[in-house]
Amino acid sequence: MDQKSTWGLLQLVQMLSLLVIFVAGIIIGIASSPHINRYFDSLAQFTFTNNIASLKISDDNCTILRTCEKVDCLSMERFVHPDNLTHSMTDDEVLWRASMLPYKKGYPFDRVPKVAFMFLTRGSLPLLPLWERFFKGHDEYFSIYVHTPEDYEFNVSTDSPFYGRKIPSKDVEWGSISMVDAEKRLLANALLDFSNERFVLLSESCIPIYKFSIVYKYLIRSEHSFVESYDAPTRYARGRYNPKMLPYIHQYQWRKGSQWFEIQRNLAVYIVSDTKFHAIFKKYCRPACYPDEHYIPTYLNMFHGPLNANRTVTWVDWSVVAPHPATYDGIDITKGIIQFIRNKGEQCSYNSEMTSVCYLFARKFAPSALVPLLNLTMTVMGF
């Protein structure tokens, strides 16, 4: 090989060496870049997560990762119409939340006023099929709230309007302030739905005596709330007043009434917001003073009397002198009893005019009354 060929070969080797060094430098630079590292890390994480999420695992003890639907917890719909009653708020927290009263006129959504039916029960609802028939076909005009003993499992079918409507509850002792606490707990949870305009307190022994459309129009169109509140010079009324309530509650302000009330939204907000008078009743109204018969009647008389009709819309039979009203069993249920409750010959005030329709609900009805009552829904009650 001559000198010229040798020189050309050396130049080629030198150029190849430089090219190898250049390419190696590029590869090292790419490998050390943080952006590239993050890219490959993200890609690996994405691939790993998707593989796990789509993997089917037969072992019941394993946790399967699935993709979740994105939920906007701050949406207007979830704020004004909460769809989950099994929240973790304490009583103080839910009462505080419910006490919020908007000052801005109107609503930023299409509001259809609803009636909140609040059931304060000792357990099951034996007359549930009657209420389900009453509510059928009127879903957009009502909401249901159920308060039971704390550990009671309230089981109903998934197609029932009562399904999922139990609120966080606590045990209630008859005749104690815990009864009022349960009422305020029901009101507070119902107030979280801004479409609820009227609030009815019912027991497991209550029944409707008119069809839903009549009840709804009667309550929604009313200018007043329906809380029985009266003064009587007897040991069962004025005799339960405790002078230790002075100077905050005077005897002339003291009132008694039925526990089973119906109130409008603004009054419900006032009641759940009160702590001062609730504390007084808790301390000084003890058996034979019963807070559920005096707290709300007295509070409304003191501060919101003109907004109250001073009567109840739930009929009760006190014809028998006893600590509790009469109970109607299956053998007592006839067409006549419903007609009697509806048309007792009484007149009452409704929006400043007299009417014969004074009661919308009635109690107390035993579980044995269910079948006879169902037989009367079409012919007498209208549903």
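What you see is a predicted model, and the numbers here were worked out from it, not measured in a lab. (Residues numbered from 1 in each chain as written. Predicted model: local features only at pLDDT ≥ 70, side-chain atom pairs only at ≥ 80, totals over all residues. Heavy atoms only, no water.)

Engineer: Help me understand the sheet that holds strand β9 (residues 361–363), please; the structure alone is not making it clear to me.
Structural biologist: By way of backbone hydrogen bonds, the strands of a sheet pair with one another, either parallel or antiparallel. In space, the three strands of this open sheet follow the order β4-β9-β6, with mixed pairing throughout. Single-partner strands in this sheet number two, and they are β4 (207–208) and β6 (314–316). Strand direction decides the pairing type here: β6 and β9, joined by three bridges, are parallel. Paired with Trp315 across the strands is Ala362, a residue of β9. (Pairing = 2+ DSSP bridges. Helix = DSSP H or I, 4+ residues; strand = E, 2+ residues; numbered from the N terminus.)

Engineer: Would you explain helix α11 (residues 335–342) in this entry?
Structural biologist: Owing to its 3.6 residues per turn, the α-helix aligns residues three or four sequence positions apart on the same side. Along α11, the positions that sit buried rather than exposed are Ile337, Ile338, Ile341 and Arg342. Along α11, the residues classed as buried sweep out an arc of 135° about the axis, all on the same side. Packing partners of the buried residues in α11 comprise β4, β6, β9, α12 (370–374) and α13 (377–381). (Buried < 20%, exposed > 50% of the residue type's maximum accessible area, 1.4 Å probe, protein only. Arc of directions from axis to C-beta. Contact = heavy atoms within 4.5 Å.)

Engineer: I'm lost on the side chain of Ser205 in this one. Help?
Structural biologist: Tracing the backbone shows Ser205 in the loop between β3 (196–202) and β4. Side chain to side chain, Ser205 and Ser203 meet in a polar contact 3.0 Å long. Excluding residues that lie within four positions of it along the chain, Ser205 makes contacts with Leu127, Ala362, Arg363, Lys364 and Phe365. (Polar contact = N/O pair within 3.5 Å; in protein donor to acceptor, adjacent residues only side chain to side chain.)

Engineer: Is there a simple way to explain the packing of aromatic side chains in this structure?
Structural biologist: In this description, a pair of aromatic rings is defined by centroid distance and the angle of the planes. Counted according to the given criterion, the structure contains 34 aromatic pairs. Among the aromatic side chains, those forming a connected cluster through ring pairs are Phe117, Phe119, Trp131, Phe134, Phe135, Tyr141, Phe142, Phe162, Phe212, Tyr216, Phe361 and Phe383. Positioned over the ring face of Tyr210 is Arg342, at 4.3 Å from the centre of the ring. (Phe/Tyr/Trp six-rings, centres within 6.5 Å; stacked < 30°, edge-to-face > 60°. Lys NZ or Arg CZ within 6 Å of the ring centre and 35° of its normal.)

Engineer: Looking at this structure, how should I read the layout of surface pockets?
Structural biologist: Rolled over the atoms, a probe with the dimensions of a water molecule shows which regions are left empty. Approximately 1400 Å³ is the volume found for the largest pocket. Together, 49 residues line the largest pocket, and Glu293, Trp318, Pro323, His324 and Pro325 are the ones closest to its centre. At three residues, β6 tops the list of elements feeding residues into the lining of the largest pocket. A class-by-class count of the residues in the lining of the largest pocket yields 23 nonpolar, 14 polar and twelve charged. Estimated volume of the second largest pocket: approximately 510 Å³. At three residues, the largest contribution of residues to the lining of the second largest pocket is made by helix α3 (residues 76–80). The class makeup of the residues in the lining of the second largest pocket is ten nonpolar, three polar and six charged. (1 Å grid on protein atoms, 1.4 Å probe; cavity = no way out; pocket = protein on both sides within 12 Å on 5 of 7 lines; lining within 4 Å. Points joined across faces, edges and corners; volume = space filled by probe spheres on them. Nonpolar A, V, L, I, M, F, W, Y, C, P; charged D, E, K, R; others polar.)

Engineer: Would you take a moment to explain the sheet that holds β3 for this structure?
Structural biologist: Here we have four strands laid out as an open sheet, ordered β2-β1-β3-β5, and mixed in their pairing. Only two strands of the sheet have a single neighbouring strand rather than two, namely β2 (142–147) and β5 (262–264). Averaged over neighbouring strand pairs, the angle between their axes works out to 20° when direction is ignored. With three bridges joining them, β3 and β5 adopt antiparallel strand pairing. Looking at β5, one finds that Phe199 is bridged to Ile263. Along the sheet, helix α8 (residues 265–273) makes contact with β3 and β5, crossing β5 at roughly 100°. (Axes fitted to C-alpha atoms, helices over the stretch in contact; angles between N-to-C directions.)

Engineer: When you look at the state of the cysteines in this model, what are you seeing that I'm missing?
Structural biologist: When the sulfur atoms of two cysteines share a covalent bond, that bond is a disulfide. With the rule as written, the count across this model stands at two disulfides. Here Cys285 is linked by a disulfide to Cys289, with a sulfur-sulfur distance of 2.0 Å. Around the S-S axis, the bridge from Cys285 to Cys289 shows a dihedral of about -90° and counts as left-handed. Since its relative accessible area comes to 4%, Cys285 is described here as buried. The disulfide partner of Cys348 is Cys358, and the S-S distance across this bridge is 2.2 Å. (Disulfide = S-S within 2.5 Å.)

Engineer: Please clarify how the packing of helix α9 (residues 276–284) against helix α10 (residues 295–303) should be interpreted in this entry.
Structural biologist: Helix-helix packing: each pair is described by the crossing angle between the helix axes and the interaxial distance. At a closest axis distance of 11 Å, the pairing of α9 and α10 adopts a crossing angle of 140°. With respect to α10, the axis of α9 lies oblique. As α9 packs across α10, the resulting crossing turns out to be right-handed. Contacts between α9 and α10 involve Phe277, His278 and Phe281 from the first element and Tyr295, Thr298, Tyr299, Met302 and Phe303 from the second. Looking at side-chain class alone, the contact of α9 with α10 contains six nonpolar, two polar and no charged residues. (Parallel < 35°, antiparallel > 145°, perpendicular 65-115°, else oblique. Left-handed = near helix turned anticlockwise from the far one by under 90°.)

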